[in-house]
Amino acid sequence: MAQAEPSAQPLNAENCMAQEAVLERDMALARSRGQMLRRRELADTLSALQLRCQALAPASREVRIEKLEHEIRTLRTELERAEAQLRSVKSESP
């Protein structure tokens, strides 16, 4: 399993984006393997990284909007997967 090390590189805009991408990939991998605790830990790490990255340079209104829209899309995808799993479990019931 790949380990993300957000503090391994000095933070700048490019490193922030790269580290966010690694964490998001690792979260998707953990989710696909059913490792929800690991996914939650990575989500917490991602949130902390995003806070540090935001502190580097105040985001413009457009950037904030884009990030929030991305977060909403990610959460909707995760919700859709959870709903699909629920439907699957319910259909297996006697």
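Residues numbered from 1 in each chain as written. Predicted model: local features only at pLDDT ≥ 70, side-chain atom pairs only at ≥ 80, totals over all residues. Heavy atoms only, no water.

**Considering the confidence of the model for the protein chain**
With 82% of its residues at a pLDDT of 70 or more, the protein chain has an overall mean of 82. Between residues 1-7, whose pLDDT stays under 50, and residues either more than four places distant or in other chains, the model counts 17 contacts. (pLDDT = per-residue confidence, 0-100. Contact = heavy atoms within 4.5 Å.)

**Here we look at the state of the cysteines**
Simply put, disulfide is the name for a covalent bond between the sulfur atoms of two cysteines. Using the criterion set out here, one finds one disulfide in the structure. Residue pairing for cysteine 16: its cysteine sulfur links by disulfide to cysteine 53, the two sulfurs lying 1.9 Å apart. Between cysteine 16 and cysteine 53, the S-S torsion sits near -100 degrees, and that sign places the bridge as left-handed. On the criterion of sequence distance, the pair formed by cysteine 16 in helix 1 (residues 13-32) and cysteine 53 in helix 2 (residues 36-56) is long-range, its members being 37 residues apart. Across this residue pair, the class does not change: cysteine 16 and cysteine 53 are buried. (Disulfide = S-S within 2.5 Å. Helix = DSSP H or I, 4+ residues; strand = E, 2+ residues; numbered from the N terminus. Buried < 20%, exposed > 50% of the residue type's maximum accessible area, 1.4 Å probe, protein only.)

**Notes on the nonpolar core**
One finds Cys16, Leu23, Met27, Ala30, Leu42, Ala43, Leu46, Leu49 and Cys53 forming the largest nonpolar core, which totals nine residues. Put simply, the parts of the chain that give this core at least two residues each are helix 1 and helix 2. Considering every element that reaches this core, the biggest residue donor is helix 2, with five residues. (Core = buried A, V, L, I, M, F, W, Y, C linked by side-chain atoms within 4.5 Å.)

**Quick notes on helix 1**
Between the first and last C-alpha of helix 1 there are 29 Å, a value that for 20 residues agrees with the 28 Å anticipated at 1.5 Å per step. For helix 1, the set of buried residues is Asn15, Cys16, Gln19, Glu20, Leu23, Asp26, Met27, Ala30 and Arg31. Seen along its axis, helix 1 keeps its buried residues to an arc of 135 degrees; they face one direction. For helix 1, the exposed residues lying more than 90 degrees away from the buried face are Glu14, Met17 and Ser32. Elements in contact with the buried residues of helix 1: helix 2 and helix 3 (61-92). Directly beyond the C-terminal end of helix 1, a positive phi value near 75 degrees is found at glycine 34. (Expected span 1.5 Å × (residues − 1). Arc of directions from axis to C-beta.)

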